[in-house]
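Structural overview
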Amino acid sequence: MSVPSHDPGPEQFQQFPSNRIIVIHPGSFYIRIGRASDLIPVKQLHCIARKRRPGGKIYRDPFVPPSVPKTKELIEELEECRLQISHTLQSCMQSNGARRYATPPQQIAAFNRRSLPETENDGEPWPQVQCEIVVGDLVLDIDPELPYNIHFPFRRGDFNLHSEVGGSISSVLNDLYSIWSSIIEYKLGIPLLELIKYRCVLLIPDIYSRSHLKYLTSLLLKDLGFGHCFLVQESVGATFGAGIGSACVVDIGDQKTAISCVEDGISHKTTRLRMDYGTGDVCQALSWMFHKSAFPYKNWNENVPRDVILMRNLYQDFCHVNLDVCGPQEKTFLVDHPGDVVNKYTLQVGDECIISPLSLFYTDLLKITGPKTTKIQNRQPSDAEDPFDAEFLRETGRKREAADPTTNESQQFEATNENQPATNPDDDIVVDTLEGGPADMVSLAPGQVLSLDAAILQSIDRCPSEELKRKMYSSILVVGGGVKVHGLNLWLQNRLALQIPYTYKTEQLEIVTSPKDIDPASTVWKGAAVMSCLESAIELWINQSEWNRYGLKILRERAPFIW
């Protein structure tokens, strides 16, 4: 059954109203959902709390990548990496020409040990929670003593699958349905029964699993009941959000950093990299250094959600890469947990506020959250719903002998499928020889994790042509919540400028971070909203009846990316 070419009916010649297009950008920590006509999306924690049945198993996903046990070896490695960054900073100059100096952690610790909390007021009690299910930011209002399990359906930029309670693919999809439908209904004010009149654009990771995309499309069209949908890769969304035709897109998220070279709306498959680190891991490095310097809030605990949010806020408010800030700085913060008094603490900080964001370049410091990998997109297993996919072509395609008379026999595949339409033997079917064996994703080298600058160089180096490499070096777009650290882009620019191969040194190595004054964490969302309103998007939409009839085949034929 072949998929019909898209025949826009009379109603599709008109532009679909942007206030009836919902754009969903799911992340490992936050989710952003809004109408394509909105200036900014609704942002909520991408999590759900479910009331535990009496005697049920306890399961709570952490609000930050958990730190691993601090063995003697690990502490030595972390300390060595911290000192390496500290020495690099000491060799830098301030803008007035003075040399930088570091304040020893012992001196800062002496101050922090004497720092006592001041009580501001009595605080509020924990809110009363009776619901079976709590979604998004409200999960923070649940007293940890209450019998709720907490689930984040995404982890490290992909489905959070595990062997514990709630870790199956059906549980993850069920959680996604509950979170997304709740935000659409209560935050956007759209009754679920109305969704048949709405369309949806879903942002997906650059390195994806086809089977996951199949589940997600069914979730949108069958379960949530949208009239139409299409899927867009995050890096492509970023270029549309920034208004740039082509760029090497660097997306620093909470638990993953993804890099991909995008040219005119297409992400080049070979250039996609995903590293298992992000802002969450950097926050754990900051927490470790704060505690080395006698962090005055002694009860801080990474297993308490509100403590984690506090540390994330300290990272956002205190961390920077500004070499002119030198010596100890005094900062204050409030600890305001329900059921307790509100305390104000005074904290002295030193270079740990610069060292922690620089762990993106010195990744040994991120071992605090365990070993990491770097993933690349690889060949994927076939699905019975789509028998004529690339795998079929690969297995049955005919490679022309004349191109290389020395081709050995094992490389010439005979067409064996009798149902296949007769083809001219001279018609070449391109067989992608770059890829390895069938697998969803492959790690580059186990245990080897690329730093941010090395990963950008590696990604650009995988571009198929010299001209494209040159284009990418002159246009590097950095998006995601992790880039909001003041001065990080300049440090990255300086690191890259020293390492770019001589032949590609362009007039201008440009790093764009917050284009058009958009919050860099929302650039990707904004781009998908822009895309959905373009005239060319008309042929991307998949409707319910097409999905029910053709399944995965229609996704391959309509997807705005190479399947």
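The structure presented is a predicted model; accordingly, all values stated were derived computationally and were not measured.

When you go through the protein residue by residue, the secondary structure sums to 16 helices and 22 strands. A buried classification covers 54% of the 563 residues belonging to the protein. Contacts spanning at least 24 positions in sequence make up 73% of the contacts within the protein whose residues lie at least 6 apart. As presented, the protein carries roughly 25,900 Å² of accessible surface, and 51% of it is formed by carbon and sulfur atoms.

The tally for this structure, following the rule as stated, stands at 13 aromatic pairs. With centroids separated by 5.6 Å and ring planes inclined at 45°, the aromatic side chains of Tyr-297 and Tyr-345 adopt a geometry described as tilted. Of this pair, Tyr-297 sits in the loop between helix H7 (279-292) and helix H8 (305-318) while Tyr-345 sits in strand S17 (residues 342-349); the two residues are 48 residues apart in sequence, bridging distant segments of the chain. Among the residues examined, Tyr-345 registers a relative accessible area of 7% and is labelled buried. Among the aromatic residues, those joined into a cluster by ring pairs are Phe-290, Phe-295, Tyr-297, Phe-333 and Tyr-345. Of note, Arg-199 hangs over the ring of Phe-16, and the distance from its end group to the ring centre comes to 4.1 Å. The aromatic ring of Trp-541 is capped on one face by Arg-199, whose charged end is 5.2 Å from the ring centroid.

Our focus in this paragraph is the packing of helix H6 (residues 234-242) against helix H14 (residues 523-532). At a minimum axis distance of 6 Å, the contact between H6 and H14 shows a crossing angle of 80°. If you check the angle between H6 and H14, you find them roughly perpendicular. Across the interface between the two elements, Glu-234, Val-236, Gly-237, Ala-238, Phe-240, Gly-241 and Ala-242 from H6 touch Thr-523, Val-524, Lys-526, Gly-527, Ala-528 and Met-531 from H14.

This paragraph deals with the pattern of salt bridges. Counting across every chain of the model gives 21 salt bridges. Taking the shortest distance from any N to any O, the salt bridge between Arg-156 and Asp-281 comes out at 2.8 Å. Taken together, the positions of Arg-156 in the loop between strand S8 (154-155) and strand S9 (158-159) and Asp-281 in helix H7 put the pair 125 residues apart, joining distant regions of the chain. This pair shows no difference in class: Arg-156 is buried, exactly as Asp-281 is. Several salt bridges converge on common partners, so that one network encompasses Glu-77, Asp-364 and Lys-367.

Turning to its location among the elements, Glu-234 is positioned in helix H6. Classification of Glu-234 by relative accessible area gives buried; the value is 6%. If we skip the residues at most four places from it in the chain, Glu-234 touches His-25, Pro-26, Leu-203, Ile-204, Pro-205, Asp-206, Asp-251, Lys-256 and Val-524.

Applying the stated rule across the entire model yields 0 disulfides. Cys-319 provides the cysteine sulfur closest to Cys-283, a residue in no disulfide bond, and the two sulfurs are 7.6 Å apart. Cys-283 gets classed as buried once you look at its relative accessible area, which sits at 2%.

Within a sheet, neighbouring strands are paired by backbone hydrogen bonds and run either parallel or antiparallel to one another. Strand order in the open sheet made by the 3 strands is S5-S17-S16, with antiparallel pairing throughout. Two strands in the sheet have a free side with no partner beyond their single neighbour: strand S5 (118-121) and strand S16 (329-335). Direction aside, neighbouring strands of the sheet carry axes that sit 35° apart on average. Where S16 and S17 come together, 7 bridges link them in antiparallel fashion. Bridge pairing links Val-335 to Asn-343 in S17. In this fold H8 packs onto S16 and S17, with an angle of close to 145° to the strand it touches most, S16.

Cut-offs and rules
Residues numbered from 1 in each chain as written. Predicted model: local features only at pLDDT ≥ 70, side-chain atom pairs only at ≥ 80, totals over all residues. Heavy atoms only, no water. Helix = DSSP H or I, 4+ residues; strand = E, 2+ residues; numbered from the N terminus. Buried < 20%, exposed > 50% of the residue type's maximum accessible area, 1.4 Å probe, protein only. Contact = heavy atoms within 4.5 Å. Areas by Shrake-Rupley, 256 points an atom, 1.4 Å probe, with all protein chains shown as cover. Phe/Tyr/Trp six-rings, centres within 6.5 Å; stacked < 30°, edge-to-face > 60°. Lys NZ or Arg CZ within 6 Å of the ring centre and 35° of its normal. Axes fitted to C-alpha atoms, helices over the stretch in contact; angles between N-to-C directions. Parallel < 35°, antiparallel > 145°, perpendicular 65-115°, else oblique. Salt bridge = Lys/Arg side-chain N within 4 Å of Asp/Glu carboxyl O. Disulfide = S-S within 2.5 Å. Pairing = 2+ DSSP bridges.

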